[in-house]
Amino acid sequence: MKPIYVLNGPNLNRLGKREPSIYGTTTLAEVEQICRATAGDRPITFHQTNSEEKLIDLVHEAIDEGAGIIINPAAFTFTSLALLDALKMFEGPVIEFHISNIHKREPIYHRSYVSMRADAVMAGLGARGYATAVTAMLAMLAERI
Ligand code: CA2
């Protein structure tokens, strides 16, 4: 069975350690456990990188090996046409995920390039919302069979 790729962009390795009022106290290691527990038999390929190049390489890997992508692109959401181009090459479902509600924040956080490809966009559910994203992805994959 092909895995769901859960990809996380820059600074999310600090999750749970900084700005708990915005991002909460759950760490990225805990997020990974939550995703795996929620996915059941469906494998999860989980990564975080601070590098735009590495994030694009991971999307390329998912193009060859992944069933679906859940991506929290962090700041690359608002800057990276290269990431958008890579995601456009992926044929399966894509969920754009943000821990915080980006639309409640400053205007620079309102225009997402990734949303131009994403099949669904989730924001503001906190770190535990990753479980909701995995559940939604499982349903999206089941509908495709
Ligand atoms: O809410 C989200 O998930 C974000 O994608 C997180 C990004 C931010 O640039 C987006 O606007 C929204 C990254 C925020 C900075 O990273 C931190 C991670 C943990 C703790 C503090 C900051």
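Located above this text is the structure these notes cover.
Parameters and conventions
Residues numbered from 1 in each chain as written. Predicted model: local features only at pLDDT ≥ 70, side-chain atom pairs only at ≥ 80, totals over all residues. Heavy atoms only, no water. Near = heavy atom within 4 Å. Polar contact = N/O pair within 3.5 Å; in protein donor to acceptor, adjacent residues only side chain to side chain. Core = buried A, V, L, I, M, F, W, Y, C linked by side-chain atoms within 4.5 Å. Buried < 20%, exposed > 50% of the residue type's maximum accessible area, 1.4 Å probe, protein only. Helix = DSSP H or I, 4+ residues; strand = E, 2+ residues; numbered from the N terminus. Contact = heavy atoms within 4.5 Å. Phe/Tyr/Trp six-rings, centres within 6.5 Å; stacked < 30°, edge-to-face > 60°. Axes fitted to C-alpha atoms, helices over the stretch in contact; angles between N-to-C directions. Parallel < 35°, antiparallel > 145°, perpendicular 65-115°, else oblique. Left-handed = near helix turned anticlockwise from the far one by under 90°. Nonpolar A, V, L, I, M, F, W, Y, C, P; charged D, E, K, R; others polar.

A few words now on the site of the ligand. Near the ligand, the surroundings consist of 16 residues, among which Tyr23, Asn72, His98, Ile99 and Ser100 are the closest. A distance of 2.9 Å separates an oxygen atom of the ligand from a polar side-chain atom of His98. Contact distances for the ligand include 2.6 Å between an oxygen atom and a side-chain N or O atom of Ser100.

A word on the nonpolar core. Core analysis: the biggest nonpolar cluster contains 24 residues, and Val6, Val31, Cys35, Ile70 and Tyr130 have the highest contact counts within it. Per element, the largest residue contribution to this core is six residues, and it comes from helix α5 (residues 129-144). Sequence-distant contacts of Val31, defined by excluding residues within four places in its chain, comprise Leu15, Thr26, Phe46, Ala127 and Tyr130. The next biggest cluster of nonpolar side chains, apart from the first, holds 17 residues, and it includes Leu55, Ile56, Ile71 and Phe76.

This part takes up the packing of aromatic side chains. Given two aromatic rings, one states the distance between the centres and the angle between the planes to describe the pair. Within the structure shown, the criterion is met by two aromatic pairs. The interplanar angle of 80 degrees and the centroid separation of 5.4 Å between the aromatic rings of Phe78 and Tyr109 together place this pair among those described as edge-to-face. Highlighted residues: Phe78 in the loop between β3 (68-72) and α4 (81-88) and Tyr109 in the loop between β4 (94-98) and β5 (120-123), separated in sequence by 31 residues. Overall, Phe78 belongs to the buried group, its relative accessible area being 14%. Ring plane angle 40 degrees and centroid distance 4.2 Å describe the contact between Phe97 and Tyr130, whose orientation is recorded as tilted.

Before going further, it helps to spend a moment on the packing of helix α2 (residues 28-39) against α5. The geometry of α2 relative to α5 is characterised by a closest axis approach of 9 Å and an angle of 30 degrees between their N-to-C directions. What the angle tells us is that α2 and α5 run roughly parallel. Our pair here, α2 against α5, has a crossing hand that is right-handed. Across from Val31, Ile34, Cys35, Thr38 and Ala39 in α2, the residues of α5 making contact are Tyr130, Ala131, Val134, Thr135 and Leu138. Looking at side-chain class alone, the contact of α2 with α5 contains eight nonpolar, two polar and no charged residues.

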